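Residues per chain, in single letters:
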Amino acid sequence: MRKIAFIIAIAFVLSLVIGLNPTEAKEPVKIGILCPITGTQAVMSEDLLTGFKLAQEEINDAGGILGRPVKLIVEDTETRPAAGMDAARKLIEVDKVKIISGGFSSGVALPIAKYCQEHKILAVFQPPTSPLFRHVGSYIFLTNVLDNYKGKVIADFAVQDSGKTRFATMFMNNAFGKALMDETLKNLQKNGAQVVSKVVYELNKVDYKAELQRLFSKKPEAIIATFYAKEGLVTAKQAYEMGMLDVNKVPWYVPEMTSSFASAIKKIPNVLEGIKGLNPLPPGALFMEKFKKKMGREPITAYAAMNYDALVMIAMAANFANSVDPTKVRDALWKIDDWYRGQSTGGDKRFDKDGMQGYGKYAKVIIRNGKIVPYKK
Amino acid sequence: MEIVQIIINSLIRASELSLLALGLTMVFDILKFANFAHTDYALLGAFLAYSFSQALGLPLIVSVMIAAGLTGLFGIGIDKVLYKRLRTIGVQPVSLMIVSMGVEIALRNILRLIWSSETKTYPIAVVKPLEILGARITMLQLEIITVGFLSMVAFHILLHKTTFGKALRAISDNRALASACAIDSEKMIRWMWFIASAYGVIGGTMIAMEHVLYPRLGFNILIPVFCAAILGGIGNPYGAVLGALILAFAENVVLALDLKWLLNLGGLFHFESIQINTGYKPAVSFLILILVLLFKPTGLLRKE
């Protein structure tokens, strides 16, 4: 008996020396993933999950986190705040994850961010972009660029490109829409433009004709509007049928082109012809190649690459910190971001003091022949 | 021009809502409970019609008719499996309502399981609209208004010009007395489920044709449908139509109204434009509903 106890003790000491815990040697590091598998943005979920899976495969092939494989636990946010909170609670309380990623849309991810901060759970979100994330706390990071930049870029782009001064705007009634609208309005004014009609709409409705009527009620010369995929499809169809999508008369500018028209471009591409807007910069060549190899097609959204970057950065930070403790991983994120060259938003993934991306670069795009292509005047 | 457009938009919305509200109100009238799964029955039919037209290549109108028939049978089936048994053991209507909530959740998730949550559209081309008095309307929207109107006329004839309609009204008024007069109330209830579900399918399909189709659509239109039925007086089929009309016009008119003429107080102030924030659109319907119920708690057309 003493002999067996002695052997176990020696094995335990040896395992500590060589950095392997016998009980945890192969226990995976669980990372919670929040994804809109259903709901208004479901059309993008395959791409979003593929971004994570590509990173997971790479990390595990390279030895995982501290020698442990990465396990992704995916939960559906239904693109709704309440369902998103339920999913986050399940990940944190039941699955006991200490690190969360994904989150799609500011409206869904903002309450989750507050919950994570309270519970000291590290959350690296993308693609949420609301500036409100800046003030949530030190456990919250974003790998997408904030709306402060996007609001300015779309306002500058719309005014300079169209040469118009009477604008009408249409944004959804949630954290993302509100923040983007505020920044856009502020910057339209700075550009000397007048906003004649501001429409705020509710998500998940089936009829937006009254909102569109209001949008055009004061005879605007140009429109700035953003949607989620389902609302983009319904609104584009109804706007076309009401004769409001003649971009030669009244041009439309959309701050989030792919996100707004991911469904519409599949179903009614001819209706969208000539709409201009912004997209995140396209993913890096390395990511595109991997994605195409895995899926046999190009990603429909650059957000897939942001998810890839988020997971890779989490793994690098954990290895750098030599720990999966969320506080230590958090501190390490600020150290590895300087030398990590990402595959999204142009590659620069440096976080500012609040864990936000400090740079705002976007691709100007236009819909031509049913495709979103780069735009040059 | 704007007024004509508002009228057209309101009529389209009312046509879609009224067929759904009609089925809801029929069930309430006869079984005295609000069927929360009603709009999901409609959506089941809309998905079936989608599949028949896409997978089997059937013409859309044929697909909708088959789907309406099948959903009608589904309504009867659910009644036989659930509600009839509960009625037989004397379960209160409020419990039936809660059971219907369970059916709604289950059905919504079954729809998601079968058809996935991806947004779908019927194979109807998006075309340039016609212009009527400066307002725009598509052929599909004209058809929606026509089908809505004809369906209501057909329902009126069914209810008032046929023996079947008389029997249906009899069991609505007094089931025990109707049974004493040799009316097979269970048979009539089965027919009621069939008609309510089939009408729902026509309404649900029209909404999905004009907009998009996805599993949560039924849940998303549940509140306006309830609102229309309650506003008109739940249990009264004509009330359902009136409620749908009021709701549709309220949504469209209130957002278009400019209140500057009212709030400038005859020149005292000089507001350039005062319009209700579009974010409050859903609240408008409820405000009207609350006001109506305050003064007429049974709804507009239901007797005390």
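Residues numbered from 1 in each chain as written. Chains lettered and ligands numbered in written order. Predicted model: local features only at pLDDT ≥ 70, side-chain atom pairs only at ≥ 80, totals over all residues. Heavy atoms only, no water.

### Here we look at the overall build of chain B
Consideration 1: Each helix and strand counted, chain B has twelve helices and two strands in total.
Consideration 2: Element order for chain B, N to C, with α for helix and β for strand: α-α-α-α-β-β-α-α-α-α-α-α-α-α.
Consideration 3: What you see for chain B is a C-alpha radius of gyration of 20 Å, in line with the 19 Å of a compact globule of 304 residues.
Consideration 4: A sequence separation of at least 24 residues applies to 74% of the contacts in chain B between residues at least 6 apart. (Helix = DSSP H or I, 4+ residues; strand = E, 2+ residues; numbered from the N terminus. Rg over C-alpha atoms; globule rule 2.2 N^0.38 Å. Contact = heavy atoms within 4.5 Å.)

### Thoughts on the confidence of the model for chain A
Consideration 1: On average, residues of chain A score 89 in pLDDT, and 93% of them reach the 70 mark or higher.
Consideration 2: Under a pLDDT of 50 for its full length, residues 11-24 of chain A has, in the predicted model, four contacts with residues more than four places off or in other chains. (pLDDT = per-residue confidence, 0-100.)

### Notes on helix α10 (residues 237-256) of chain B
Consideration 1: An ideal rise of 1.5 Å per residue puts 28 Å on 20 residues; α10(B) measures up with 29 Å between its terminal C-alpha atoms.
Consideration 2: The complete set of buried residues in α10(B) reads B:Pro237, B:Gly239, B:Ala240, B:Gly243, B:Ala244, B:Leu247, B:Ala248, B:Ala250, B:Glu251, B:Asn252, B:Val254 and B:Leu255.
Consideration 3: Buried residues along α10(B) sit against α7 (209-215) of chain A together with α1 (2-31), α5 (139-160), α9 (217-232) and α12 (281-295) of chain B.
Consideration 4: A distance of 2.8 Å separates the backbone nitrogen of B:Tyr238 from a side-chain oxygen at the start of α10(B), and that oxygen is part of B:Asn236. (Expected span 1.5 Å × (residues − 1). Buried < 20%, exposed > 50% of the residue type's maximum accessible area, 1.4 Å probe, protein only. Polar contact = N/O pair within 3.5 Å; in protein donor to acceptor, adjacent residues only side chain to side chain.)

### Quick look at the environment of A:Val196
Residues and elements named next belong to chain A.
Consideration 1: Of note, Val196 is situated in strand β7 (residues 194-201).
Consideration 2: In sequence terms Val196 and Thr165 are 31 residues apart; their C-alpha atoms lie 9.7 Å from each other.
Consideration 3: Discounting residues that sit within four places of it in the chain, Val196 has contacts with Arg166, Phe167, Lys218 and Pro220.

### Some remarks on the packing of α1(B) against helix α2 (residues 38-55) of chain B
Residue and element names in this part refer to chain B.
Consideration 1: Where α1 contacts α2, the two axes come as close as 9 Å, and the packing angle between them is 125°. On the basis of the axis angle, α1 is oblique to α2. Like other packed secondary-structure pairs, α1 and α2 cross with a definite hand, here right-handed. Side by side, α1 and α2 meet where Leu20, Gly23 and Leu24 of the first sit next to His38, Thr39 and Ala42 of the second.
Consideration 2: Its residues assigned to classes, the contact of α1 with α2 shows three nonpolar, three polar and no charged. (Axes fitted to C-alpha atoms, helices over the stretch in contact; angles between N-to-C directions. Parallel < 35°, antiparallel > 145°, perpendicular 65-115°, else oblique. Left-handed = near helix turned anticlockwise from the far one by under 90°. Nonpolar A, V, L, I, M, F, W, Y, C, P; charged D, E, K, R; others polar.)

### A look at the sheet that holds strand β9 (residues 252-254) of chain A
Residue and element names in this part refer to chain A.
Consideration 1: With mixed pairing, seven strands are arranged side by side in an open sheet as β7-β6-β8-β9-β10-β11-β12. The strands lining the two open edges of the sheet, one partner per strand, are β7 and β12 (371-374). Strand-to-strand twist in this sheet, taken as the mean axis angle between neighbours without regard to direction, amounts to 25°.
Consideration 2: Summarising the sheet, β9 and strand β10 (residues 276-280) pair through two bridges and their orientation is parallel. If you follow Val254 over to β10, its bridge partner there is Gly277.
Consideration 3: The sheet strands contacting helix α5 (residues 147-162) are β6 (166-172), β8 (222-225), β9, β10 and β11 (362-368), and the helix crosses β10 at an angle near 150°. (Pairing = 2+ DSSP bridges.)

### Overview of a nonpolar patch on the surface
Residue and element names in this part refer to chain B.
Consideration 1: Residues Ile223, Phe286, Leu287, Ile290, Leu291, Leu294 and Phe295 make up a contiguous nonpolar surface patch of roughly 770 Å² in combined accessible area.
Consideration 2: Considering each element in turn, the nonpolar patch owes the most residues, six residues, to α12.
Consideration 3: By the secondary structure assignment, Leu287 is in helix α12.
Consideration 4: Leu287 gets classed as exposed once you look at its relative accessible area, which sits at 54%. (Patch = residues over 30% accessible without salt bridge, like charges linked within 9 Å, V, L, I, M, F, W, Y side chains within 5 Å. Areas by Shrake-Rupley, 256 points an atom, 1.4 Å probe, with all protein chains shown as cover. Salt bridge = Lys/Arg side-chain N within 4 Å of Asp/Glu carboxyl O.)

### A word on the side chain of B:Arg108
All names here are of chain B.
Consideration 1: On the secondary structure map, Arg108 appears in helix α4 (residues 93-115).
Consideration 2: On the basis of relative accessibility, which here comes to 11%, the residue Arg108 falls in the buried class.
Consideration 3: Excluding anything up to four places from it in sequence, Arg108 contacts Asp40, Pro215, Arg216 and Phe219.

### Some points on the nonpolar core
Consideration 1: Core analysis: the biggest nonpolar cluster contains 145 residues, and A:Trp252, A:Phe261 and B:Trp193 have the highest contact counts within it.
Consideration 2: For this core, the element with the highest residue contribution is helix α8 (residues 185-210) of chain B, accounting for 13 residues.
Consideration 3: Once residues lying within four places of it in the same chain are set aside, the contact partners of A:Trp252 are A:Leu212, A:Leu215, A:Phe216, A:Ile223, A:Ala225, A:Phe227, A:Ala239, A:Met244, A:Leu245, A:Val247, A:Ile275 and A:Lys276. (Core = buried A, V, L, I, M, F, W, Y, C linked by side-chain atoms within 4.5 Å.)

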